[in-house]
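Structural characterization, general
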Amino acid sequence: MSKAFVKEPSDDEDDDLPEGATPLPAGTKNYITAQGYQRLRDELMHLIDVERPEIVQIVSWAASNGDRSENGDYLYGKKRLREIDRRIRFLTRRLDKAEVVDPSLQGDNDQIFFGATVTYANQAGEENTITIVGMDEVDLDAHRVSWISPIAKALIKAREGDTVPLRTPSGIEQIDILEVRYPKRGEA
């Protein structure tokens, strides 16, 4: 029978992916910094302890008002509950698969690994600084890129002073690694 007709329980994380989120590549671990793990855990606890109980109370109150077919509070509340439950499932799965990495243990290493902050220059001489973080910690405005992004894949295992190829939509570009830093113990 087609899955379209029968809703079977699924372990597939893709069912609960928020819009714009990237699924974990098959067979990989969900590397994450301690700060990123804590942020996801705090969000999960807030959803479970605060938001969900509030919405359940609203839905219960709205249901007690009678006709549910035209009751906006009831309909919106049920929809919001589904969204919260989907996010809870997503966060639970991501946290279960998370492997916390402490980049400060790298010390003064000049080789690029997870958690490194790297300054590099492209062929035009423009300098950029990025930090390689977990998939759930990406923030392009703060120059935090995922360890599976093309730039991170090009940089990982290279050393300060190396020139590495970066595959871009316009072709392969050579980038020069100018500086590699890791946070000191206790830094975010």
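Cut-offs and rules
- Residues numbered from 1 in each chain as written.
- Predicted model: local features only at pLDDT ≥ 70, side-chain atom pairs only at ≥ 80, totals over all residues.
- Heavy atoms only, no water.
- UniProt positions renumbered as here; feature names shortened; annotations may be inferred.
- Salt bridge = Lys/Arg side-chain N within 4 Å of Asp/Glu carboxyl O.
- Buried < 20%, exposed > 50% of the residue type's maximum accessible area, 1.4 Å probe, protein only.
- Helix = DSSP H or I, 4+ residues; strand = E, 2+ residues; numbered from the N terminus.
- Pairing = 2+ DSSP bridges.
- Contact = heavy atoms within 4.5 Å.
- Axes fitted to C-alpha atoms, helices over the stretch in contact; angles between N-to-C directions.
- Parallel < 35°, antiparallel > 145°, perpendicular 65-115°, else oblique.
- Left-handed = near helix turned anticlockwise from the far one by under 90°.
- Nonpolar A, V, L, I, M, F, W, Y, C, P; charged D, E, K, R; others polar.
- Expected span 1.5 Å × (residues − 1).
- Bend = angle between axes of the 7 residues up to and from the residue.
- Patch = residues over 30% accessible without salt bridge, like charges linked within 9 Å, V, L, I, M, F, W, Y side chains within 5 Å.
- Areas by Shrake-Rupley, 256 points an atom, 1.4 Å probe, with all protein chains shown as cover.
- Lys, Arg positive; Asp, Glu negative; His and termini not counted.
- Charge placed at Lys NZ, Arg CZ, Asp CG, Glu CD.
- Phe/Tyr/Trp six-rings, centres within 6.5 Å; stacked < 30°, edge-to-face > 60°.

The name given to the protein in an unreviewed UniProt entry is Transcription elongation factor GreB, with Cupriavidus gilardii as the source organism. Under the heading Sequence similarities (unreviewed entry), UniProt records this for the protein: "Belongs to the GreA/GreB family. GreB subfamily."

Attention now goes to the pattern of salt bridges. Pairs can form between side chains of opposite charge once their charged atoms are near each other. In the structure shown here, the tally under the stated rule is nine salt bridges. When the shortest N-O distance is used, the salt bridge between Glu179 and Arg181 registers 3.2 Å. What makes Arg181 partly exposed here is its relative accessible area of 36%. Here the residues in one salt-bridge network are Glu51, Lys79, Arg80 and Glu83, joined through shared partners.

Counting buried residues along strand β3 (residues 117–121), five of its five residues qualify, which places the element largely inside the surrounding structure. Here β3 shows a buried face lined by Thr117, Thr119 and Ala121 and a second buried face lined by Val118 and Tyr120. A loop of five residues connects β3 with strand β4 (residues 127–133), the two strands running antiparallel in sequence, and Gly125 in this loop sits at a positive phi of about 85°. Direction of pairing for β3 relative to strand β7 (residues 171–181): antiparallel, over a ladder of five bridges.

Counting through the fold element by element, Thr117 comes out in strand β3. Setting aside its immediate chain neighbours within four residues, Thr117 contacts Thr129, Ile130, Thr131, Glu179, Val180 and Arg181.

Moving on, we get to the packing of helix α1 (residues 34–63) against helix α2 (residues 72–97). Axis separation between α1 and α2 bottoms out at 9 Å; the angle between their running directions is 155°. Comparing their axes, α2 and α1 come out roughly antiparallel. When you trace α1 past α2, the crossing you get is left-handed. Taken together, the residues that form the contact of α1 with α2 break down as 18 nonpolar, two polar and nine charged.

The end-to-end C-alpha distance of α1, which contains 30 residues, comes to 42 Å, matching closely the 44 Å that a straight helix rising 1.5 Å per residue would cover. The sharpest bend along α1 measures roughly 40° and falls at Leu47. Among the structural elements, β1 (30–32) and α2 are those in contact with the buried residues of α1.

Turning to the sheet that holds β3, a few remarks are in order. Backbone hydrogen bonds are what pair the strands of a sheet, in a parallel or an antiparallel way. One open sheet accounts for five strands, arranged β5-β4-β3-β7-β6; its pairing is mixed. On the outer flanks of this sheet lie β5 (144–146) and β6 (163–168), each paired with one strand and no other. Ignoring which end each strand starts from, the neighbouring axes of this sheet average 45° apart.

Residues Arg68, Lys78, Arg82 and Arg86 make up a contiguous surface patch of positive charge. Mapped onto the elements, Arg86 comes out in helix α2.

This brings us to the packing of aromatic side chains. Under the criterion given, the structure shown has two aromatic pairs. For the pair Tyr31 and Phe114, a centre-to-centre distance of 6.2 Å together with 45° between the ring planes defines the contact as tilted. Separated by 83 residues along the polypeptide, Tyr31 in strand β1 and Phe114 in the loop between β2 (98–100) and β3 bring together distant segments of the chain. For the pair Tyr31 and Trp147, a centre-to-centre distance of 5.2 Å together with 75° between the ring planes defines the contact as edge-to-face. One end of the pair, Tyr31, is in strand β1; the other, Trp147, is in the loop between β5 and α3 (150–155), with 116 residues separating them in the sequence.

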